[in-house]
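Observations on the model geometry
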Amino acid sequence: MKTALTFPPQWYPSQPYLALPTLKAYLQSKGHAVDQFDFNIASYDIFLSENYLSRCVEQIRRRLSLPAYSLEEKEIKQVYREILSDKDYLGSILKGVEEAKEVLRDEDLFFQFPLYKRAYTTLKVAMKLISYAHHPSRIDLESFFMAGAPEESLAGILSAADDRLRNPYLALYEDEILPRVAWEDYGLVGISIIHVGQVVPGLTLARLLRERHKNLHIVIGGSVFNRHADLLNDKQILFEKFFHSVVLFEGEHPLERLATCLKEGRSLREAPNLVHMEDGRVVRNPSAKSLPYDELARPDFDQLPLEKYLMPFPVLPYMSSRGCYWGKCTFCTHSFIYDSYYRKENEARVAEELDYLGKRYKTKYFTFSDEAISPNAFGRMSAQILSQGVDMRALGMIKFESGAVESPELFENMRKAGFIMLFFGLESANDRILSIIDKGTDQKTEKMVLENSARAGIWNHLYLFFGFPTEEREEAEDTRRFVERHGETGTGIVHSVGHSIFTLEKDSAVYHYPEKFKIDRIVHDPQRDLAIIFDFEIRSGMSREEVMDVYEDFETTIEKNFPSCKIWKYLSREHFLLYLDRFGKEEIQEMARNEEIVLKA
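Here we summarise the structure given alongside this text. Quick caveat, the model's predicted, so the values are computed rather than measured. Every chain is numbered on its own, with residues counted from 1 as its sequence reads. At least 70 in pLDDT is required for a residue's local features to be given in this predicted model, at least 80 for side-chain atom pairs to be given and counted, and no such filter applies to totals for whole chains, interfaces and linings, which use all residues. Each side-chain value is worked out from all heavy atoms of the structure, with water and hydrogens disregarded.

Attention now moves to the sheet that holds strand 6 (residues 217-221). One open sheet holds the 7 strands; their spatial order is 2-1-5-6-7-8-9, and the pairing between them is mixed. Looking along the sheet, the strands with just one partner apiece sit at the ends: strand 2 (33-38) and strand 9 (281-284). Taken over all neighbouring pairs, the strand axes of this sheet differ in orientation by 25° on average, direction set aside. Relative to strand 8 (residues 274-278), strand 7 (residues 245-247) runs antiparallel, the two being bridged by 3 bridges. Paired with Val246 across the two strands is Val275, which belongs to strand 8. Between any two strands, pairing holds if DSSP finds at least two bridges. In DSSP terms, a helix is any run of H or I states spanning at least four residues, a strand is any run of E spanning at least two, and both are numbered starting from the N terminus. What counts as an axis is a line fitted to C-alpha atoms, over the stretch in contact for a helix, and the angles between N-to-C directions run from 0 to 180 degrees.

What follows covers unusual backbone geometry. Of the consecutive residues Pro9 and Gln10, the connecting peptide bond is found in the cis state with omega at 10°. Along the chain, the position of Gln10 falls in the loop between strand 1 (2-7) and helix 1 (19-29). Note the cis peptide between His135 and Pro136, where omega equals 10°. Considering the arrangement of structural elements, one finds Pro136 in the loop between helix 7 (113-133) and strand 3 (138-139). In this structure, Gln303 is a non-glycine residue whose phi angle is positive, near 80°. Looking at where Gln303 falls in the secondary structure, it is placed in the loop between strand 9 and strand 10 (315-318).

The salt bridge criterion pairs a side-chain nitrogen of Lys or Arg with a carboxyl oxygen of Asp or Glu, the two atoms within 4 Å. Within the structure shown, the criterion is met by 52 salt bridges. A salt bridge links Lys95 to Glu50; its shortest N-O distance comes to 2.9 Å. Taken together, the positions of Lys95 in helix 5 (residues 87-105) and Glu50 in helix 3 (residues 50-65) put the pair 45 residues apart, joining distant regions of the chain. Look at Lys95 and you get exposed, because its relative accessible area is 61%. We note a salt bridge from Glu505 to Arg227, for which the minimum N-O separation is 3.0 Å. Remark: Arg227 occurs in helix 11 (residues 223-227) and Glu505 occurs in strand 18 (residues 504-505); sequence separation between them is 278 residues. Each member of the pair, Glu505 together with Arg227, is buried. The buried label goes to any residue with under 20% of its type's maximum accessible area, the exposed label to any with over 50%, and the partly exposed label to all in between, with areas taken from a 1.4 Å probe on protein chains only.

Our focus in this paragraph is the nonpolar core. Grouped together as the largest cluster of nonpolar side chains are 164 residues, with contacts concentrated most on Trp183, Phe243, Phe368, Phe419 and Tyr579. The greatest single-element share of this core, amounting to 10 residues, is contributed by helix 7. Beyond its immediate chain neighbours, meaning those up to four positions away, Tyr579 contacts Phe110, Phe111, Gln112, Phe113, Tyr116, Leu571, Gly584, Ile588 and Met591. As used in this record, nonpolar core signifies buried Ala, Val, Leu, Ile, Met, Phe, Trp, Tyr and Cys residues forming a set joined through side-chain atoms within 4.5 Å. The contact rule is simple, with two residues in contact once any of their heavy atoms fall within 4.5 Å.

Let us now look at the packing of aromatic side chains. Between 30 and 60 degrees the pair is tilted, below 30 it is stacked and above 60 it is edge-to-face, where a pair is any two Phe, Tyr or Trp rings, Trp via its six-membered ring, whose centres lie within 6.5 Å. Taken as a whole and assessed by the stated rule, the structure comprises 45 aromatic pairs. When the ring of Phe7 is compared with that of Tyr17, the centres are 5.1 Å apart and the planes differ by 5°; the resulting orientation is stacked. Of this pair, Phe7 sits in strand 1 while Tyr17 sits in the loop between strand 1 and helix 1, placing them 10 residues apart in sequence. Residue Phe7 is classed as buried on the basis of its relative accessible area of 2%. With a centroid separation of 6.0 Å and 90° between ring planes, the pair formed by Trp11 and Tyr17 is classed as edge-to-face. Owing to a relative accessible area of 19%, Trp11 belongs among the buried residues under this scheme. With relative accessibility at 30%, the residue Tyr17 sits in the partly exposed group.

The next thing to look at is the pairing of strand 9. Strand direction decides the pairing type here: strand 8 and strand 9, joined by 4 bridges, are antiparallel. Directly across from Met277, in strand 9, lies its bridge partner Val282. Between strand 8 and strand 9, which follow one another and run antiparallel, lie 2 residues, and Asp279 among them has a positive phi close to 55°.

What follows deals with helix 21 (residues 544-561). Helix span, as expected, comes to 1.5 Å for every residue beyond the first. Over its 18 residues, helix 21 extends 26 Å from the first C-alpha to the last, a length consistent with the 26 Å expected when each residue adds 1.5 Å. Where helix 21 is concerned, the buried positions are Val547, Val550, Phe554, Thr557, Ile558 and Asn561. The buried residues of helix 21 all sit within an arc of 95° when viewed along its axis, so they share a single face. Away from the buried face of helix 21 by more than 90 degrees, exposed residues Glu545 and Lys560 are located. If you follow the buried residues of helix 21, they end up packed against strand 16 (459-466), helix 19 (473-486), strand 17 (496-501) and helix 22 (565-568). Regarding the arc, it is the one traced by the directions from the helix axis to the C-beta atoms.

Now for the sheet that holds strand 10. In spatial order, the strands read 10-13-14-15-16-17; together these 6 strands make up an open sheet with parallel pairing. Each end of this open sheet is capped by a strand with a single partner; those strands are strand 10 and strand 17. Direction aside, the axes of adjacent strands within the sheet are offset by 20° on average. Across the sheet, helix 16 (residues 408-417) touches strand 14 (393-398) and strand 15 (419-427), and the angle it forms with strand 15 is around 130°. Here helix 21 sits on the sheet and contacts strand 16 and strand 17; the angle it forms with strand 17, its principal contact strand, is near 165°.

A word on the packing of helix 4 (residues 71-85) against helix 5. Between helix 4 and helix 5, the shortest axis-to-axis distance is 5 Å and the interhelical angle comes to 75°. Accordingly, the angle class assigned to the pair helix 4 and helix 5 is roughly perpendicular. Mapping the contact onto sequence places Ile83, Leu84 and Ser85 in helix 4 and Lys87, Tyr89 and Leu90 in helix 5. Residue composition of the contact of helix 4 with helix 5, grouped by class: 4 nonpolar, 1 polar and 1 charged. If an angle is under 35 degrees, it is roughly parallel; if it is over 145, roughly antiparallel; if it lies from 65 to 115, roughly perpendicular; otherwise it is oblique. The nonpolar class holds Ala, Val, Leu, Ile, Met, Phe, Trp, Tyr, Cys and Pro. Asp, Glu, Lys and Arg form the charged class, and all remaining residues, Gly among them, are polar.

Let's shift gears to the pairing of strand 16. As a general feature of sheets, a regular strand has side chains that alternate between the two faces. With respect to burial, strand 16 is a largely interior element, 7 of its 8 residues being buried. Pairing analysis gives 6 bridges linking strand 15 to strand 16, with the strands arranged parallel. Bridge assignment links Glu427 to a residue of strand 16, and that residue is Leu464.

So, on to the packing of helix 3 against helix 4. In the contact formed by helix 3 and helix 4, the axes pass within 10 Å of each other and the chain directions differ by 135°. When the axes of helix 3 and helix 4 are compared, the pair comes out oblique. Our pair here, helix 3 against helix 4, has a crossing hand that is left-handed. Side by side, helix 3 and helix 4 meet where Val57, Ile60, Arg61, Arg63, Leu64 and Ser65 of the first sit next to Lys77, Tyr80, Arg81, Ile83 and Leu84 of the second. Its residues assigned to classes, the contact of helix 3 with helix 4 shows 6 nonpolar, 1 polar and 4 charged. By the definition used in this description, the sense in which the near helix is turned from the far one sets the handedness, with an anticlockwise turn below a right angle giving left-handed and a clockwise turn giving right-handed.

Okay, here's the thing in structure tokens:
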């Protein structure tokens, strides 16, 4: 019995997602026959084509001919008229989309920023055209959203999976993707759903496979349904119409046991961490601890169409640890998929695997997907990479610890080893907010660590958010002033920033202990019975309106204090990794100055 592992749309088109190569490698090491299919990148290749966009234009024409009853329908019809009347606009997108894809895949063209920017803009506009054809759904270069957030409710999922107008994946699977695979060759299909934007596309895929191929057992994995585990008891219809089972937490061991049970005709009760139907009831099998790292297998990217990703070179994801060694941040839920069990790889083996993967897939570029790599692990890993002569360029996540642990010497060795870009979870630069987030750091430490990293020649990117419960306007200003003071026009130790608004997520410490964070009430809407993000009521701190004001004002802070944002705001993190390696910080900043001259002209 063969297993097919699938990754559904809608996710970033710049690199494979790590789940499939990791699961494939482990199952194969246990003697199972496995194929992997990235339907995400396959969908982009179809969407971003003249043929598909022409069909979208025809759909817009058909929708324009239908009667309009609501104000929204009348407004979108006006947009449709403008689109169809602008022949030059349509011609430039339809004729230019294939060329735009090739610009991102061609080494010479990719690194010419004016060409890159034009190609990127063409692809964004093409995705907007697709969105109009399926209005009010919105599809872009990283996600998919339908009006009313149907992924947050059972009723919404049932409706969205059958909606031929607003769900573009239904026809895409039927006409283009599913006929390419000989499904009769398989007995087990795994679908990895790791983001809410994949719920409707992923379950649409599951429903079609379930209906058309009775030989298949459909199993869902990934973080989204992992977090829904406690909500599935009364949702038998999901198991009847979409999938047969759900794997919780890490997938290697449970999926291997499931494959063995199906192959040998044994009871599904023998597969740990599995949720499935039995005698009309949803049952959850006993849990099993995640495997030690030395029992896991090196990722296998064979069969994935690396030439189809929108990159001139493969950029491969890699993990040197699972879970988070800190694991205390009160807003975070990332470690939930790992069942709060932190393990790391032997650093010598990390270097060996990076060397193997780089040579096999002809690349030196990697993105480390670890939740956060400890300074000591970074130090040992860098030493092994250097001693084994591994040619590598990579980015990774690191937590603020202390200037003593995260020393100039540590960052110098990391830079020599090839870690040229680091992502820091700053979150806030106010000490009170940092303490209730439980970051284990303060503003003084943040500054010291960023100085040490920048001095070593590493590009420092900060993640931060506004609106943590009880945060006051002046505390948010501390963060803004910190970024302003240390940005590109200041001390220069912060090189780029991404900001957001705090969201209250299921399974976070804030969600489980709202009173500790002075939250009066978490709003549980019975119509959103599969929600992951929740509204809440609180009387202290900034109002929602103030938080939004701070968030929007921060855009101006970035534009004023980071002239190079004219470059990096167009680049995904994988694209920017390549640009940073090719040009370096100073030349990227010079590009931005030239871009500003062009804009002013």
